[in-house]
Amino acid sequence: MLQILQKDEGLFSFVKHMQRNERFKSPMLLSDAQYRSNLINALLNPDDLVLGCFDQSGSLTGVFSFYIEPAEKYIECLVSLSQKETDYTEVLSYLSKTYQGYCLDCICNPQNVCLLDTLLISGAKLDAEQLKMRITGHTTYNTDSRAIELTSEFESTYRKLHTKDTYWSAEKVLNASNIFQVYTFIQENKAVGYIDVAFCKTFYELYDWYVIPEYRNHGFGTALLQKVIADRPLKQ
């Protein structure tokens, strides 16, 4: 049984239990900050949707949260947490009926075959598996002065270089300065690479990271990442 959730009653214990399971834990709930942002705050945000799946006894079996953007007909899955394939099927069926014509973007645990199989059956396109990098200690970086925050001088080049097949286009990233920061690498007065990053107190989320092919293997991409870390140290 599927219900729209408006209270966090029972969510913490359910999430804590699920996050112990490597096969089903959500990559979007790996920290307290993510739990608050992607689940608890979603209950209060009118632009978000939180769904709960329950069995016949009324026990919670699945939790899902989504950011809904009607103007763009876009849905971003913030949390997908269940061990039952039927829960994923029921949620996708609800979304397809309620939000016809919308595009759904979802970050998945690659070990969660219940979710992956459900997405594949529905005709979803899966991107290559992404890796999570964790900084475990304090490191001093010798930043390259050619890695800089994006300036108006290089905005047009940034727009041309930016990945086109993504919801977070160059224009959307630039218009969401409260979420994103953009860095570019300048070589011979030319922007040859960039990185889009969203910041939180305890983690970074890299949305796009690109260097022009002929400028690769020179450490320019590494320099961009080092600049990000040097500018915004994470709170341990």
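Cut-offs applied
- Residues numbered from 1 in each chain as written.
- Predicted model: local features only at pLDDT ≥ 70, side-chain atom pairs only at ≥ 80, totals over all residues.
- Heavy atoms only, no water.
- Helix = DSSP H or I, 4+ residues; strand = E, 2+ residues; numbered from the N terminus.
- Contact = heavy atoms within 4.5 Å.
- Areas by Shrake-Rupley, 256 points an atom, 1.4 Å probe, with all protein chains shown as cover.
- Lys, Arg positive; Asp, Glu negative; His and termini not counted.
- Charge placed at Lys NZ, Arg CZ, Asp CG, Glu CD.
- Buried < 20%, exposed > 50% of the residue type's maximum accessible area, 1.4 Å probe, protein only.
- Salt bridge = Lys/Arg side-chain N within 4 Å of Asp/Glu carboxyl O.
- Expected span 1.5 Å × (residues − 1).
- Pairing = 2+ DSSP bridges.
- Axes fitted to C-alpha atoms, helices over the stretch in contact; angles between N-to-C directions.

Draft legend 1. Representation of the overall build of the chain in the model. The helix and strand inventory of the chain stands at seven helices and nine strands. Dimensions of the chain, computed from C-alpha atoms along their principal axes, come out at roughly 65 × 40 × 30 Å. Restricting to contacts in the chain with at least 6 residues of sequence separation, those with at least 24 account for 60%. Accessible surface for the chain amounts to roughly 13900 Å². Of this, 49% is attributable to carbon and sulfur atoms. Looking at the chain, you have 23 positive and 29 negative side-chain charges, and the mean spots of the two groups are 3 Å apart.

Draft legend 2. Layout of the side chain of Lys227. Inspection of the secondary structure assignment puts Lys227 in helix H7 (residues 220–231). Of the residues examined, Lys227 reaches a relative accessible area of 18% and is grouped as buried. In contact with Lys227, not counting residues within four places along its chain, are Thr143, Ala147 and Tyr183.

Draft legend 3. The arrangement of the pattern of salt bridges in detail. Taken as a whole and assessed by the stated rule, the structure comprises seven salt bridges. The network of salt bridges with common partners includes Glu155, Arg159 and Glu171.

Draft legend 4. How the structure looks around H7. For H7, built from 12 residues, the straight-helix expectation of 16 Å at 1.5 Å per residue is met to within 8% by its first-to-last C-alpha distance of 17 Å. Listed in full, the buried residues belonging to H7 are Phe220, Gly221, Ala223, Leu224, Leu225, Lys227, Val228 and Ile229. Where H7 is buried, its residues meet strand E6 (147–149), strand E7 (180–187), strand E8 (190–199) and strand E9 (204–211).

Draft legend 5. Seen up close, the sheet that holds strand E1 (residues 2–4). Strand order in the open sheet formed by five strands is E1-E2-E3-E4-E5, with mixed pairing between adjacent strands. Unpaired on one side and paired on the other, E1 and strand E5 (103–106) mark the two borders of the sheet. Strand-to-strand twist across the sheet, computed as the mean angle between neighbouring axes with direction ignored, equals 25 degrees. As judged from the four bridges shared by strand E4 (residues 74–82) and E5, these two strands associate in the parallel manner. Within E5, the position partnered with Ile75 by the bridge is Leu104.

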